[in-house]
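Tertiary structure, described
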Number of protein chains: 2
Amino acid sequence: MKVALDAMGGDKAPFETIKGAMKALEEIETLHLVFVGKKESIEEELKRYKYDSSRIEIVDAREVIEMTDEPVTAVKAKKDSSMNRTLELVKDGVVDASVSAGNTGALITASQLKLKRIKGVLRPAIATMFPNKKDKMLILDVGATADCKPEFLNQYAIMGSKYLEILLGMKNPAVGLLNIGTEEGKGNEITREAYNLLKANKGINFVGNVEGTEVMNGKIDVVVTDGFTGNMVLKTAEGVAKVIVSSLKEEINKSFIYKLGALLVKPAIKRLGKKVDSSEYGGAMFLGLNGLSIKAHGNSDSNGIKNAIKVANKFAEMNFVEELKNAIDMGDSDEKNLD
Amino acid sequence: MKVALDAMGGDKAPFETIKGAMKALEEIETLHLVFVGKKESIEEELKRYKYDSSRIEIVDAREVIEMTDEPVTAVKAKKDSSMNRTLELVKDGVVDASVSAGNTGALITASQLKLKRIKGVLRPAIATMFPNKKDKMLILDVGATADCKPEFLNQYAIMGSKYLEILLGMKNPAVGLLNIGTEEGKGNEITREAYNLLKANKGINFVGNVEGTEVMNGKIDVVVTDGFTGNMVLKTAEGVAKVIVSSLKEEINKSFIYKLGALLVKPAIKRLGKKVDSSEYGGAMFLGLNGLSIKAHGNSDSNGIKNAIKVANKFAEMNFVEELKNAIDMGDSDEKNLD
């Protein structure tokens with residue numbers, strides 16, 4: 001497969017983006033990469049590595065959307081940005097998928113603008129893998145659409161189930177609706193209505209409401225929520241994990257005995273860190289668009305980039321967009337189209 | 001002060017409720033307690049302790065609202081429940097404040113039904129203390145009102161600021177609006193409108209939007225959000241903390257060396273556990289009602305109950321309800337009353 005990489009996107013670009021790309025090329029023999037960005041910077045980075053030049057192309061793009069840029073303005077003003085050019089390669093069928101670790105808001109805007117929604121998709125969603133007690137789960141939407149209608153949530157359930165079916169070969173993934181109580185009838189107006197739609201949806205395995213405390217217990221595979229709540233939950237989880245880890249370090253630094261103990265448990269803590277490290281999960285994906293756009297975490301190191309490229313490659317191999325179109329078509333027979 | 005305790009409320013009642021009450025009596029010399037519940041059960045528990053009987057009363061209530069009861073139905077059907085009777089003592093002015101660790105939904109319903117809203121309060125809110133990197137912060141609403149109007153959030157900011165002023169003597173607490181982006185104009189319809197109201201509110205120290213990742217960094221004192229999002233964030237934080245701690249234990253159990261290391265860092269981990277333990281923070285409080293109703297965590301041990309009683313006593317001493325009435329009256333001059 002051919003994957004385009006926004007070489008300039010992310011806090012540590014282009015050093016870590018190119019480094020991650022090189023790792024991906026090593027791991028996937030059939031992979032071809034198109035690096036998009038300032039040609040001279042990319043060539044400079046490439047000097048560090050030995051590689052098969054027939055598997056690499058460079059597309060020059062003279063502008064960079066910065067992490068601090070106002071998303072909509074930047075996407076529209078910086079037409080020759082590495083991010084815009086990357087997505088155009090997907091749109092034009094030059095590549096099979098794309099990866100960017102750049103400005104999230106800009107990538108949401110640019111992906112929708114360039115790739116457009118699949119016919120029948122009410123709103124695109126951003127889906128991301130998240131660790132839980134058992135292993136991991138998919139959560140969507142985590143930020144594409146802040147104001148949701150219940151019908152959007154029902155469609156997210158279909159798209160999310162398809163995602164796990166294709167990425168992990170999972171049969172009938174358990175779908176849970178993120179809510180503030182487990183019983184039917186709990187929640188706000190949107191979740192109460194969404195509950196009924198999900199319950200009536202025969203194309204998914206809906207197991208009911210799931211609370212924030214229970215969401216990580218490993219019983220749910222697809223967690224469905226609106227983009228506001230999803231983003232909030234994700235960022236809270238990240239914030240809490242950070243505070244716990246930093247407090248633990250602080251406590252441990254208080255005495256020599258603690259430090260000695262910490263030294264002994266270090267490998268265990270490291271494995272735990274790896275488990276909750278978002279870079280292990282290959283970033284987030286925009287679902288419902290006519291093309292594959294993968295978002296790697298803004299502060300991705302080379303492993304984060306590598307994993308995002310692997311996910312992009314896998315989804316391209318699986319012909320995910322076509323599969324999703326079929327799933328949406330089928331879902332459509334009992335769906336009212338709000339477009 | 002005189003505080004009523006729902007002796008039958010909570011997973012570990014009446015053993016832990018009475019035990020916690022005894023600890024509170026020891027710590028606060030001026031405290032009087034009214035135990036509400038099945039007389040014979042309470043008397044049986046009291047046999048375990050030595051106490052000054054002039055500081056204790058028992059009010060018999062023959063029914064118990066169970067944790068699994070449907071809240072609204074239970075409150076209406078079980079008129080002689082310990083929870084209902086506890087709140088009636090507040091309403092009738094027999095006690096200065098009340099504490100219950102019982103069914104949260106039922107306590108929301110019963111508190112509103114018995115105590116009624118303060119005139120001018122659009123919706124009551126549940127406020128709770130939450131640990132952050134620096135120390136702790138107040139977050140509200142965490143579950144009283146799932147569907148919010150922007151005006152409610154503005155009033156929560158006033159009530160929350162007053163809460164910290166009274167409980168901790170804090171001057172001009174920094175108010176943050178929980179949102180999915182920091183810039184003005186970010187979020188969903190409700191937060192975008194609420195932002196403008198908060199910015200224009202001269203009675204509070206509004207510092208802007210705050211994201212889930214940043215909410216625990218210690219820069220915000222009062223975190224304002226709707227009851228759906230607040231409940232979700234709180235429960236997610238709890239879920240994440242639990243998973244991290246249990247994963248850490250699991251990892252550590254994998255080898256003898258880890259176990260040895262863990263033994264050495266145990267006091268450090270224990271202090272951390274205490275920091276994130278909700279029982280340390282004296283439960284949650286219903287703000288905006290004509291009377292003090294404190295909610296202790298459902299699985300409170302005696303320390304959780306003791307701390308909730310201490311908070312109840314302190315707010316009663318501070319004459320919190322009257323103070324809040326004044327603050328709401330002042331806020332009202334520029335507020336549209338939606339009642």
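Fair warning: this is a prediction, and the values are worked out from it, not measured in the lab.

Brief notes about the overall build of chain A
Scanning chain A for helices and strands turns up 11 helices and 11 strands. Evaluated residue by residue, chain A yields a buried proportion of 58% over its 339 residues. Within chain A, contacts between residues separated by at least 24 positions form 72% of all contacts whose residues are at least 6 apart in sequence. Counting every atom, chain A has about 14300 Å² of accessible surface; 50% of that belongs to carbon and sulfur.

Thoughts on the pattern of salt bridges
One pass over the full model with this rule turns up 38 salt bridges over all chains. Beyond isolated ion pairs, a larger network of salt bridges with shared partners links Asp80(A), Arg85(A), Glu88(A) and Lys114(A).

Remarks on helix H1 (residues 15-27) of chain A
Residues and elements named next belong to chain A. Taking 1.5 Å as the rise per residue, H1 with 13 residues should run 18 Å; its terminal C-alpha atoms sit 19 Å apart, in good agreement. When H1 is considered as a whole, its buried residues turn out to be Glu16, Thr17, Ile18, Gly20, Ala21, Met22, Ala24 and Leu25. On its buried face, H1 is in contact with strand E1 (2-6), strand E2 (32-37), helix H2 (39-46), strand E3 (56-60) and helix H10 (302-317).

Concerning the domain arrangement of chain A
Residue and element names in this part refer to chain A. Along its sequence, chain A is carved into domain 1 (2-121 + 288-337) and domain 2 (126-278). Domain 1 puts 16 residues into the contact, and the matching count from domain 2 is 14 residues. Both faces combined, the contact of domain 1 with domain 2 buries some 1500 Å², and carbon together with sulfur accounts for 68% of it. Our count for the contact surface shared by domain 1 and domain 2 stands at 1 salt bridge.

Examining the sheet that holds E1(A)
Residue and element names in this part refer to chain A. Reading across from one edge, E3-E2-E1-E4-E11-E10-E5-E6-E9-E7-E8 is the order of the 11 strands in this open sheet, with mixed pairing throughout. The open sheet is flanked by E3 and strand E8 (205-210), the only strands paired with a single partner. Sheet twist, expressed as the average angle between the axes of neighbouring strands with direction ignored, equals 25°. Packing against the sheet, H1 makes contact with E1, E2 and E3, and its axis sits at approximately 170° to E2.

Topic: the environment of Pro131(B)
Residue and element names in this part refer to chain B. By the element assignment, proline 131 lies in strand E5 (residues 125-131). Judged by relative accessible area, which is 8%, proline 131 ranks as buried. Separated by 87 residues in the primary sequence, proline 131 and glycine 218 have C-alpha atoms spaced 8.8 Å apart.

A short note on the state of the cysteines
Within this structure, the stated rule accounts for 0 disulfides over all chains. Unpaired in this structure, Cys148(A) has its nearest cysteine sulfur neighbour in Cys148(B), at a distance of 18 Å.

Concerning the environment of Pro173(A)
Residue and element names in this part refer to chain A. Its location among the elements puts proline 173 in the loop between helix H6 (150-168) and strand E7 (174-178). Classification of proline 173 as buried rests on a relative accessible area of 3%. With 159 residues separating them along the chain, proline 173 and proline 14 place their C-alpha atoms 37 Å apart. Not counting the four nearest positions on each side in its chain, proline 173 is found in contact with Ser161, Leu164, Asn205, Asp221 and Val222.

Structural notes on the packing of H1(A) against H10(A)
Residue and element names in this part refer to chain A. Relative orientation of the contacting elements H1 and H10 amounts to 50°, with a least axis distance of 7 Å. Relative to H10, H1 is oriented oblique. Considering the relative orientation of H1 and H10, their crossing is right-handed. Contact residues: Glu16, Thr17, Lys19, Gly20, Ala21, Lys23, Ala24 and Glu27 in H1; Ser302, Asn303, Ile305, Lys306, Ile309 and Lys310 in H10. Residue classes in the contact of H1 with H10 are distributed as 4 nonpolar, 4 polar and 6 charged.

Some remarks on the packing of aromatic side chains
All names here are of chain A. Applying the stated criterion across every chain, the model contains 8 aromatic pairs over all chains. When the ring of tyrosine 163 is compared with that of phenylalanine 315, the centres are 4.8 Å apart and the planes differ by 45°; the resulting orientation is tilted. With a gap of 152 residues between them, tyrosine 163 in helix H6 and phenylalanine 315 in helix H10 connect regions that are remote in the sequence. Residues tyrosine 195 and phenylalanine 206 carry aromatic rings whose centres are separated by 5.3 Å and whose planes lie at 75° to one another, so their mutual orientation is edge-to-face. Within this pair, whereas tyrosine 195 is found in helix H7 (residues 189-200), its partner phenylalanine 206 is found in strand E8, the two being separated by 11 residues in sequence. An aromatic cluster is built from Tyr163, Phe315 and Phe320, whose rings are joined through pairwise contacts.

Details of the sheet that holds strand E8 (residues 205-210) of chain B
All names here are of chain B. In spatial order, the strands read E3-E2-E1-E4-E11-E10-E5-E6-E9-E7-E8; together these 11 strands make up an open sheet with mixed pairing. Strand pairing shows two members of the sheet lacking a second neighbour, strand E3 (56-60) and E8, which therefore form its edges. The average undirected angle you get between the axes of adjacent strands in this sheet is 25°. Bridging between strand E7 (residues 174-178) and strand E9 (residues 222-224) involves 3 bridges; their strand directions are parallel. Its bridge partner being in E9, leucine 177 is matched across the sheet by valine 224. Sheet contacts for helix H10 (residues 302-317): strand E1 (2-6), strand E2 (32-37), strand E4 (97-100), strand E10 (284-287) and strand E11 (293-295); angle to E4, the most-contacted strand, approximately 160°.

Some details on the pairing of E7(A)
Residue and element names in this part refer to chain A. Most of E7 is tucked away, with 5 of its 5 residues classed as buried. Judged by which residues are buried, E7 turns out to be covered on both faces: Ala174, Gly176 and Leu178 on one side and Val175 and Leu177 on the other are all buried. In terms of strand pairing, E7 meets E8 through 5 bridges, oriented parallel. The residue of E8 that forms the bridge with leucine 178 is valine 210.

Quick notes on the side chain of Thr213(A)
With respect to the element layout, Thr213(A) can be found in the loop between E8 and strand E9 (222-224). Look at Thr213(A) and you get buried, because its relative accessible area is 17%. Residue contacts for Thr213(A): discarding those within four places in its chain leaves Lys235(B), Thr236(B), Glu238(B) and Gly239(B).

Quick look at the pairing of E2(A)
Consecutive residues of a regular strand have side chains that alternate between opposite faces of the sheet. All names here are of chain A. Of all 6 residues in E2, 5 are buried; the element is thus mostly enclosed. Two strands pair when backbone bridges link them, and E1 and E2 are joined in this way by 5 bridges, in the parallel orientation. For alanine 4, the partnering residue across the bridge sits in E2 and is valine 34. Tracing the backbone out of E1, into H1 and back to the parallel element E2 gives a crossover that is right-handed. Both E2 and E3 contribute to a ladder of 5 bridges, which runs parallel. Bridge assignment links valine 36 to a residue of E3, and that residue is valine 59. You can see the chain leave E2, run along H2 and come back into E3, and the turn it takes is right-handed.

Notes on the confidence of the model for chain A
Residues and elements named next belong to chain A. When pLDDT is averaged along chain A, the result is 88; 88% of the residues meet or exceed 70. Note that residues 333-339 has pLDDT below 50 and, in this model, 13 contacts with residues that lie over four places away or in other chains. Predicted as a complex, the structure gets a pTM of 0.84 and an ipTM equal to 0.80.

Looking at unusual backbone geometry
Residue and element names in this part refer to chain B. Each neighbour pair has its own omega, and for alanine 13 with proline 14 the value is 0°, a cis peptide bond. Residue placement: proline 14 occurs in the loop between E1 and helix H1 (15-27). Note the cis peptide between leucine 140 and aspartate 141, where omega equals -5°. Tracing the chain through its elements places aspartate 141 in the loop between strand E6 (136-140) and helix H6 (150-168). In this model, lysine 116 sits at a positive phi of 60°, which is unusual for a non-glycine residue. Relative to the helices and strands, lysine 116 is located in the loop between helix H5 (104-115) and E5. Positive phi values are uncommon outside glycine, yet asparagine 319 reaches one of about 55°. With respect to the secondary-structure elements, asparagine 319 resides in the loop between H10 and helix H11 (320-332). Since its relative accessible area comes to 44%, asparagine 319 is described here as partly exposed.

Procedures and definitions
Residues numbered from 1 in each chain as written. Chains lettered and ligands numbered in written order. Predicted model: local features only at pLDDT ≥ 70, side-chain atom pairs only at ≥ 80, totals over all residues. Heavy atoms only, no water. Helix = DSSP H or I, 4+ residues; strand = E, 2+ residues; numbered from the N terminus. Buried < 20%, exposed > 50% of the residue type's maximum accessible area, 1.4 Å probe, protein only. Contact = heavy atoms within 4.5 Å. Areas by Shrake-Rupley, 256 points an atom, 1.4 Å probe, with all protein chains shown as cover. Salt bridge = Lys/Arg side-chain N within 4 Å of Asp/Glu carboxyl O. Expected span 1.5 Å × (residues − 1). Domains from an automatic or database assignment. Buried area = accessible area lost by both parts, 1.4 Å probe. Pairing = 2+ DSSP bridges. Axes fitted to C-alpha atoms, helices over the stretch in contact; angles between N-to-C directions. Disulfide = S-S within 2.5 Å. Parallel < 35°, antiparallel > 145°, perpendicular 65-115°, else oblique. Left-handed = near helix turned anticlockwise from the far one by under 90°. Nonpolar A, V, L, I, M, F, W, Y, C, P; charged D, E, K, R; others polar. Phe/Tyr/Trp six-rings, centres within 6.5 Å; stacked < 30°, edge-to-face > 60°. Right-handed = clockwise from strand over helix to strand, strands pointing away. pLDDT = per-residue confidence, 0-100.

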